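Descriptive structure summary
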Amino acid sequence: MADLGRAALVVTLGLAVYSLVAGGIAARRSERRLAASARNALYCSFASTLVAAAVLATALVRHDFSFKYVAAHTNRHLPVAYTLSAFWGGQEGSLLLWLLVLTGYGALAVAINRRLLRDLTAWVVPVIGGIATFFSFVLVAVASPFGTQTAPFDGNGLTPSLQNPYMVAHPPMLYLGYVGLSVPFAFAAGALLSGRTDERWIIATRRWTLAAWAFLGFGQLLGAHWAYVEVGWGGYYAWDPVENAALMPWLAATAFLHSVMVQERKGMLKVWNMVLVALAFELSVFGTFLTRSGVVNSIHSFSKSSIGPWFLVFVVISSVFSLALIMWRLPLLKAKTKLESALSREAAFLYNNLLLVALCLTILWGVLWPIVTQLVKGETRTMGRPYYDFFLRTFGLPLLLLMGIGPLIAWRKTSLRGLTRTLAWPVGAAVVTGVALAAAGADSSTPGLIAYTFSAFVLATIMVELVRGTRATGSLFLLVARNRRRYGGYVVHAAIVLLAIGIAGSSAYSSSVERRLTLGQSMTVAGYTLTNRGVTVDSKANVTETRAHLAVKGPWSGTISSGDNQYVNPPEPSREVGIKTDWLRGEDLYVIVDESHPKTGLIYVQVLVKPLVNLIWIAGIVFLFGSAVALWPDAREQRRLVARFATAVP
Amino acid sequence: MIFVGLLLAAAVVVLVALPFLREPVADDDRLDAPSEAEGRRLTLVEERDRALAALKELEFDHRTGKVDDADYRELVGPLRQAAAVALRALDTPQE
């Protein structure tokens, strides 16, 4: 079995190298049969990677501990879902998933566009082949999932914190996002290499970018929820380097999704769009590098390994390649029009882009800071939460405001008179909300109050847009169907508003109290009274569960339990928090028992009350819905593209 | 297992070589890419579509009240002109 997996990966490597070399020669010399052969090699590389993936999945399900990977990440007690999720629980498996998604995406994108963009796909094949060459080389030579040994009776098991339903979905979602960004990058590089820098590459990759961006965004929210319920520190985002690694390409892709509309409408920002596509791709590889190299300390340090230098070399080479390509083709990327007014939709997109990229780069600087200080001063220093929070407020709040202003400004030019009239309702709604909240006591946090006021402004903007659009077309359905991208985008904006309200509420207005409680002793937090009712210990086959039980009285009454699990295999502890969600009040009661003594009943407990935190998870669902609306295939658009090409190239 | 592996490898070799097996000798082996003239025409078609889409969007923004009458009158002229220029250029025979 392992031999078949190893052989399949070697075949993938050979095919990827062939796609790179033969595809490059074919595109350069314009040789049709060789280009088709290289394209077939790319298709086959997906098939051979699928064989390798099937071998690993079969070994996992069959508990074949002669595979080192299976023995290292699973055991016989592990439920089937977690056994399968161990595929991406370890480094080698997750790299195999990267390669599988890359070759799958690449083959599909090339197959779909091979007729309409035949001159361009000839160059896309070697670019995807080059990326696949790197990953298959790492899998064959550095981190193979098919190493074997004499099979032990049982395996080590999966890290307890990964035994969570969110961890079944979170990593594949992120990988679908990370790897998805390779497709627009490959098409952008193909456009530059072929000299065909017209709009076709953008139209061809628009949905790929949107899908990758949606996966990346939703994957991060799944990860945030996992951190909230499983890691047990009371938060959902710690500005951990690996969390940031997923956020950065998402921010770059968000900027690209906006600025690409300026290129489509006005033929501007061509260089900027190329830079953003390259940046998003490089950051996605850098994100994998951060996750897998262990170069910076992180809660994800379970994945430390020695593949880091290989990734670093790849990031450097591909960055130099991208920059050189853009510089080489600068004359082809000149804009044909200029910004006509600072008060126009395209100008609003430009401001939005500057803020997004500034936020992305400040986060990157924060992530790199420990490496920089280690190299320069010989000691590792990290950027703390205040650094990131400061820049989130500095760039995030204006971004929120722009999200409301942008849709109300027309393309090309808007007079101040027209804008004032259009803004009247949203501004009125925002002012009323702000004043009402301040009167209700929400002014204890200025950033929180600003976030709520801006959120009301954005929601009012969306409502105004929907009402006016429906009046003009006569039907909401028709309005959305005619411009899914715009109205799907508005739904996503609504999701971001929910996210902002959730983040502001749960961080700026949360309460937290830590206490040492003896048996029967009570504590009070934000209207809740919690009384220590004792500690129980429950020994099961693979785990000993210790739980402290607290009786709760207040807005909600009942019992809440928290403690820890001590696993036998792997011999690791896992913190188990107690969470009670009150949907009516829109808040969570969150209990963390840090230390408990079963004999005496003494516990050390932290209790948090987090208002509006659940809006963050609801935002995830709204985000998915909005992305689906924007992604929904548009037959009219496809016909337009075909007709355009047919007109130009009879 | 070795047999399965060999079978897969053979299938891969055949698929990769297929374009050459189908056409051992090709009359025209050049990639079917747009010529320079077709490339220019493609750019013109893009400009036409861009101008027409901008006009459509302006009309919609005017109807929804996002663009007032004065702004509409100021913007619609240049857009119509851009669309007309692109349409005329497309109708002109090119080398």
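Calculation notes
Note that residues are indexed from 1 along each chain, following the sequence as it is written. Chains carry letters and ligands carry numbers; both start at the beginning, A for chains and 1 for ligands, and go up in the order they are written. Per-residue local features of the predicted model are confined to residues with pLDDT of at least 70, and side-chain atom pairs are confined, for both listing and counting, to 80 or more; whole-chain, interface and lining totals are unaffected and use all residues. Secondary structure is summarised from DSSP: a helix means a run of H or I of at least four residues, a strand means a run of E of at least two, and numbering begins at the N terminus for each. Computation of the radius of gyration draws on C-alpha atoms, with the globule rule given as 2.2 Å multiplied by the number of residues to the power 0.38. Put plainly, a residue is buried at 20 or more neighbouring C-beta atoms within 10 Å of its own, exposed at 12 or fewer, and partly exposed in between, counting only other residues' C-beta atoms, which are placed from the backbone. This entry defines residue contacts through backbone-placed C-beta atoms, with two residues in contact when those atoms are within 7 Å. Between N-to-C directions, angles span 0 to 180 degrees; the directions come from axes that are lines fitted to C-alpha atoms, helices contributing only their stretch in contact. Convention used here: angles under 35 degrees read as roughly parallel, angles over 145 as roughly antiparallel, angles from 65 to 115 as roughly perpendicular, and any remaining angle as oblique. What we call a nonpolar core is a set of buried Ala, Val, Leu, Ile, Met, Phe, Trp, Tyr and Cys residues whose membership is set by joining through C-beta atoms within 7 Å. Start and end positions for the domains come from either an automated domain assignment or a database one. Under this grouping Gly is polar, as are all residues other than the nonpolar Ala, Val, Leu, Ile, Met, Phe, Trp, Tyr, Cys and Pro and the charged Asp, Glu, Lys and Arg. Here, a strand pair is defined by DSSP locating no fewer than two bridges between the strands. How sure the predictor is of each residue is captured by pLDDT, a score from 0 to 100. Expected span of a helix, by definition, is 1.5 Å for each gap between consecutive residues, and there is one gap fewer than residues.

**Things to note about the overall build of chain A**
- A tally of helices and strands in chain A yields 20 helices and nine strands.
- Relative to a compact globule of 650 residues, whose C-alpha radius of gyration would be 26 Å, chain A shows 27 Å and is just as compact.
- Summarising its shape, the C-alpha atoms of chain A cover approximately 85 × 75 × 55 Å along the three principal directions.
- When each of the 650 residues of chain A is scored for burial, the buried share is 53%.
- In chain A, the proportion of contacts linking residues at least 24 apart, taken out of those at least 6 apart, comes to 73%.

**Some points on the overall build of chain B**
- Helix and strand counts for chain B come out as three helices and zero strands.
- Starting at the N terminus and walking to the C terminus, you meet the elements of chain B as α-α-α.
- Relative to its length of 95 residues, chain B is extended, with a C-alpha radius of gyration of 26 Å against a globular reference of 12 Å.
- In terms of overall dimensions, chain B has a C-alpha envelope of 75 × 40 × 10 Å along the principal axes.
- By residue count, 22% of the 95 residues in chain B fall in the buried class.
- Looking at chain B alone, contacts between residues at least 24 apart form 73% of all its contacts between residues at least 6 apart.

**Points about the packing of helix H5 (residues 91-113) of chain A against helix H6 (residues 118-142) of chain A**
Residues and elements named next belong to chain A.
- Contact pair H5 / H6: the axes reach a minimum separation of 10 Å and the direction vectors enclose 170°. Our classification of the angle between H5 and H6 gives roughly antiparallel. Touching Leu95, Leu96, Trp98, Leu99, Leu102, Thr103, Gly106, Val110 and Asn113 of H5 are Thr121, Val124, Val125, Ile128, Ile131, Ala132, Phe135, Ser136, Val138 and Leu139, all from H6.

**Considering the nonpolar core**
Residues and elements named next belong to chain A.
- Among the nonpolar cores identified, the biggest contains 210 residues, and Phe135, Ala252, Ala253 and Ala280 are the most heavily contacted of them.
- Counting residues per element, this core draws most heavily on helix H9 (residues 200-231), at 18 residues.
- For this core, the domains that each give at least three residues are domain 1 (1-153) and domain 2 (397-509).
- In this view, phenylalanine 135 contacts Leu95, Trp98, Leu99 and Leu102; residues no more than four positions away in its chain are not counted.
- Counting 19 residues, the second largest nonpolar core, distinct from the first, contains Ala548, Ile592, Val605 and Val607.

**As for the interface of chain A and chain B**
- With 43 residues of chain A at the interface, the matching set in chain B holds 42 residues.
- By residue class, the composition of the side of chain A that touches chain B is 18 nonpolar, eleven polar and 14 charged.

**Overview of the sheet that holds strand E7 (residues 578-582) of chain A**
All names here are of chain A.
- Spatially, four strands are ordered E1-E9-E8-E7 in an open sheet, and the strand pairing comes out antiparallel. The strands lining the two open edges of the sheet, one partner per strand, are strand E1 (511-517) and E7. Pairs of neighbouring strands in the sheet enclose a mean axial angle of 15°, with direction left out of account.
- Relative to strand E9 (residues 603-611), E1 is paired through seven bridges, and the arrangement is antiparallel. Paired with valine 513 across the bridge in E9 is valine 607.

**Some points on the domain arrangement of chain A**
- Per the domain assignment, the segments making up chain A are domain 1 (1-153), domain 2 (397-509) and domain 3 (511-611).
- The C-alpha-based centres of domain 1 of chain A and domain 2 of chain A are spaced at 44 Å.

**Description of the confidence of the model for chain B**
- Residues at a pLDDT of 70 or more form 96% of chain B, whose mean pLDDT is 83.
- The least confident element of chain B, judged by mean pLDDT, is helix H2 (residues 36-63) of chain B at 83; the most confident is helix H1 (residues 2-22) of chain B at 87.

**As for the sheet that holds strand E6 (residues 573-576) of chain A**
Residue and element names in this part refer to chain A.
- Taken together, five strands build an open sheet; the order of strands is E2-E3-E4-E5-E6 and the sheet is antiparallel. The sheet is open, and its two borders are formed by strand E2 (522-525) and E6, each paired with just one other strand. Looking at each pair of strands side by side, their axes are set apart by 25° on average, direction ignored.
- Bridge analysis of strand E4 (residues 543-553) against strand E5 (residues 558-567) gives ten bridges, and the strand direction is antiparallel. Looking across to E5, one finds that arginine 547 is bridged to glycine 563.

**Digging into the pairing of E2(A)**
Residue and element names in this part refer to chain A.
- Taken together, the four bridges between E2 and strand E3 (residues 528-539) define a ladder with antiparallel strand orientation. Looking at the pairing, serine 522 lines up with threonine 531 of E3.
- Between E2 and E3, which pair antiparallel in sequence order, lie two residues; one of them, alanine 526, sits at a positive phi of approximately 45°.

**Thoughts on helix H18 (residues 484-508) of chain A**
- Look at H18(A): 35 Å from first C-alpha to last across 25 residues, which is about the 36 Å you get at 1.5 Å a residue.
- Most of H18(A) is tucked away, with 20 of its 25 residues classed as buried.

**Remarks on helix H1 (residues 2-29) of chain A**
All names here are of chain A.
- For H1, which comprises 28 residues, the first-to-last C-alpha distance of 40 Å matches the rise-based estimate of 40 Å (1.5 Å per residue) to within 8%.
- Burial runs high along H1: 20 of the 28 residues are buried.
- Once H1 ends, the next one or two residues include serine 30, with phi positive near 60°.

**A short note on unusual backbone geometry**
Residue and element names in this part refer to chain A.
- With a phi close to 60°, serine 30 is a non-glycine residue in the positive phi region.
- Within the secondary structure, serine 30 is located in the loop between H1 and helix H2 (32-61).
- For serine 30, a count of 15 C-beta atoms within 10 Å translates into the label partly exposed.
- Of note, the phi angle at histidine 63 is positive, near 50°, even though the residue is not glycine.

**Some remarks on the environment of His493(A)**
- Examined against the element boundaries, His493(A) turns out to sit in helix H18.
- Expressed as a C-alpha distance, the spacing of His493(A) and Gly308(A), which sit 185 residues apart in the sequence, is 37 Å.

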